[in-house]
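Architecture and fold: a report
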Amino acid sequence: MVAKALKSFFRRVFSRMFGQKKELKMGFYGPPNAGKTSLANRICKDFTGEEIGSVSKVPHETRSVQFKEKVEISYKGKKMMFKIIDTPGIATKIDYEDFLKFKIKKKDAKNRAKEATQGVVESIKWLDDMDVVVIVLDATENPYNQVNITIIGNLVARKIPVLIVANKVDLRKANIKKIESAFPEYDVVGISARYGKNLEEFYESIFKLAKKV
Amino acid sequence: MAKKKSLGKIRGFSIQFLPYSELSGMDSTQRIKKILNIVLGNVILIIQGKIESHEESRLIEDTMAMIGHVKGFKGIELAVISGDNDGGFFVRIRRGLINAMGGGNLGALTIIGPATIVKEIKKNPKKIELLLDR
């Protein structure tokens with residue numbers, strides 16, 4: 001415990017002396033279509049001018065882990081360097097027939113389903129590599145989904161700090177209170193990644209989260 | 001004349017109860033194998049207690065690996081209902097002791113069903129609804 005504190009102290013001192021900035025790995029996790037890529041895009045666009053990936057109404061648009069390095073987030077005079085890691089949505093079932101509803105050809109739908117299953121496995125494997133994790137939930141959906149609980153349980157077991165984001169608060173059906181009561185031990189920030197609503201509170205929470213590392 | 005409402009065709013399905021004692025002596029790999037073997041037989045499984053969170057994620061990984069390789073398999077529906085946060089301090093202490101003696105969280109129930117049968121599990125803190133795929 002003492003050795004860890006000393007190591008952390010000296011690392012911070014040397015880092016300041018030689019101007020080296022540690023890059024924190026910040027993962028975006030959650031179920032499909034919650035807005036993980038929309039939020040990651042918003043951050044990357046704000047601080048690097050480039051987006052990280054494409055977004056779509058069709059679930060499982062992100063089917064492999066994508067990341068952007070050296071994203072320096074600055075907020076109210078504070079600055080911190082992050083590696084933004086956007087992960088495929090985690091699900092317990094994937095049926096290619098669900099994609100046919102979005103007028104995707106059968107062959108493409110089957111291929112999408114195959115890639116999506118691989119994406120879920122990849123997302124879970126990356127859990128070990130994260131410094132902090134932002135769980136992105138759709139505020140219009142029921143938060144008591146077992147996938148959400150499983151992800152958080154795994155992060156707690158790995159002692160990785162967690163922030164919960166209730167996305168899509170611009171929609172009438174959004175219910176942040178339900179998410180707060182489902183996860184009372186965690187900070188929940190309501191945002192709209194699509195319209196950039198309440199991102200100030202989100203960035204403030206990110207800095208608080210980074211302090212827990 | 002109003003059209004007569006139909007309940008539609010409901011497929012037959014089986015429910016199996018698995019006491020925690022049947023899983024407690026197993027390692028994670030054996031537990032997941034046992035669970036998946038039951039679920040692959042188109043059976044809805046109710047487990048006394050809950051598996052560890054790393055086992056849940058491993059179960060999801062193994063499930064994903066099976067989709068496309070096991071004919072007709074689309075994945076699983078999974079839910080855990082637990083009264084962990086209920087009761088006062090002494091109730092929780094007593095529950096903790098019972099769980100420690102039993103080797104797992106016996107105050108919980110885990111429901112796992114194949115997605116071909118269970119369309120959705122709607123979960124609220126103290127209620128689970130299974131919506132079946134007709």
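Note: the structure precedes this text.
This report concerns the structure included in the present document.

As a further point, take the side chain of Asp-131 of chain A. All names here are of chain A. Mapping Asp-131 onto the fold places it in the loop between helix H4 (106-126) and strand S4 (132-138). For Asp-131, the side chain forms a polar contact with the main-chain nitrogen of Lys-25, separated by 2.7 Å. Beyond its immediate sequence surroundings of up to four residues, Asp-131 is in contact with Lys-22, Glu-23, Leu-24, Lys-25, Ile-160, Pro-161 and Val-213.

With that out of the way, let us pick up the interface of chain A and chain B. Counting residues at the interface gives 21 residues for chain A, matched by 22 residues for chain B. Counting each side, the surface lost to burial between chain A and chain B is near 1800 Å², with a carbon and sulfur contribution of 56%. The three residues of chain A that bury the most area against chain B are Thr-92, Lys-93 and Gln-146 of chain A, which together make up 33% of that side's buried surface. In this structure, the connection of chain A to chain B is made through 3 salt bridges. Applying the counting rule to chain A against chain B returns 14 residue pairs in polar contact (both at pLDDT 80 or more). Broken down by secondary-structure element, the contributors of at least two residues to the side of chain A that touches chain B are H4 and helix H5 (146-157) of chain A. Ranked by residues supplied to the side of chain A that touches chain B, first place goes to H5 of chain A with 6 residues. Within the side of chain A that touches chain B, the residues separate by chemical class into 9 nonpolar, 7 polar and 5 charged.

Enumeration according to the criterion identifies 12 salt bridges over all chains in this entry. Note that Arg-158 of chain A is salt-bridged to Asp-128 of chain A, the shortest N-O span being 2.6 Å. Of this pair, Arg-158 of chain A sits in the loop between H5 and strand S5 (162-167) while Asp-128 of chain A sits in the loop between H4 and S4, and the two are 30 residues apart along the sequence. Since its relative accessible area comes to 29%, Arg-158 of chain A is described here as partly exposed. Here Lys-34 of chain B and Glu-22 of chain B are joined by a salt bridge, their closest N and O atoms 3.5 Å apart. With a gap of 12 residues between them, Lys-34 of chain B in helix H2 (residues 28-40) and Glu-22 of chain B in helix H1 (residues 21-24) connect regions that are remote in the sequence. Taking the relative accessible area as the measure of exposure, Glu-22 of chain B reaches 38% and is therefore partly exposed.

This next bit is on the sheet that holds strand S1 (residues 14-18) of chain B. All names here are of chain B. Sheet architecture is open: 4 strands sit in the order S1-S2-S4-S3, paired in mixed fashion. Two strands bound the open sheet, and with one partner strand each, they are S1 and strand S3 (76-82). On average, each strand axis in the sheet is inclined to that of its neighbour by 15°, with strand direction left out of account. Pairing between strand S2 (residues 43-48) and strand S4 (residues 108-114): 4 bridges, direction antiparallel. Across the sheet, Ile-46 pairs through a bridge with Ile-111, a residue of S4.

This brings us to helix H2 (residues 36-48) of chain A. Residues and elements named next belong to chain A. The end-to-end C-alpha distance of H2 is 18 Å, a good match for the 18 Å that 13 residues give at a rise of 1.5 Å each. Among the residues making up H2, those that are buried are Lys-36, Thr-37, Leu-39, Ala-40, Asn-41, Ile-43 and Cys-44. On its buried side, H2 packs onto strand S1 (23-29), strand S2 (66-75), strand S3 (78-86), S4, S5 and helix H7 (199-211). Phi turns positive, to about 85°, at Gly-49, one or two residues after H2.

Next up on the list: the packing of aromatic side chains. All names here are of chain A. According to the stated counting rule, one finds 3 aromatic pairs over all chains in the structure shown. The interplanar angle of 80° and the centroid separation of 5.2 Å between the aromatic rings of Phe-47 and Tyr-203 together place this pair among those described as edge-to-face. With Phe-47 in helix H2 and Tyr-203 in helix H7, this residue pair connects regions lying 156 residues apart in the sequence. For Phe-47, a relative accessible area of 24% translates into the label partly exposed. On the accessibility criterion, Tyr-203 (6% relative accessible area) is buried. With centroids separated by 5.9 Å and ring planes inclined at 40°, the aromatic side chains of Phe-67 and Trp-126 adopt a geometry described as tilted. Residue Phe-67 is located in strand S2, and its partner Trp-126 is located in helix H4; the two are separated by 59 residues in the primary sequence. Taking the relative accessible area as the measure of exposure, Phe-67 reaches 40% and is therefore partly exposed. Taken together, Phe-47, Phe-202 and Tyr-203 form an aromatic cluster joined through their ring pairs. Over the ring of Tyr-96 we find Lys-110; its NZ or CZ atom is 5.1 Å from the centre of that ring. Positioned above the aromatic ring of Phe-99, the side-chain terminus of Arg-112 is 5.5 Å from the ring centre.

What counts, and where the lines are drawn
Residues numbered from 1 in each chain as written. Chains lettered and ligands numbered in written order. Predicted model: local features only at pLDDT ≥ 70, side-chain atom pairs only at ≥ 80, totals over all residues. Heavy atoms only, no water. Helix = DSSP H or I, 4+ residues; strand = E, 2+ residues; numbered from the N terminus. Polar contact = N/O pair within 3.5 Å; in protein donor to acceptor, adjacent residues only side chain to side chain. Contact = heavy atoms within 4.5 Å. Buried area = accessible area lost by both parts, 1.4 Å probe. Salt bridge = Lys/Arg side-chain N within 4 Å of Asp/Glu carboxyl O. Nonpolar A, V, L, I, M, F, W, Y, C, P; charged D, E, K, R; others polar. Buried < 20%, exposed > 50% of the residue type's maximum accessible area, 1.4 Å probe, protein only. Pairing = 2+ DSSP bridges. Axes fitted to C-alpha atoms, helices over the stretch in contact; angles between N-to-C directions. Expected span 1.5 Å × (residues − 1). Phe/Tyr/Trp six-rings, centres within 6.5 Å; stacked < 30°, edge-to-face > 60°. Lys NZ or Arg CZ within 6 Å of the ring centre and 35° of its normal.

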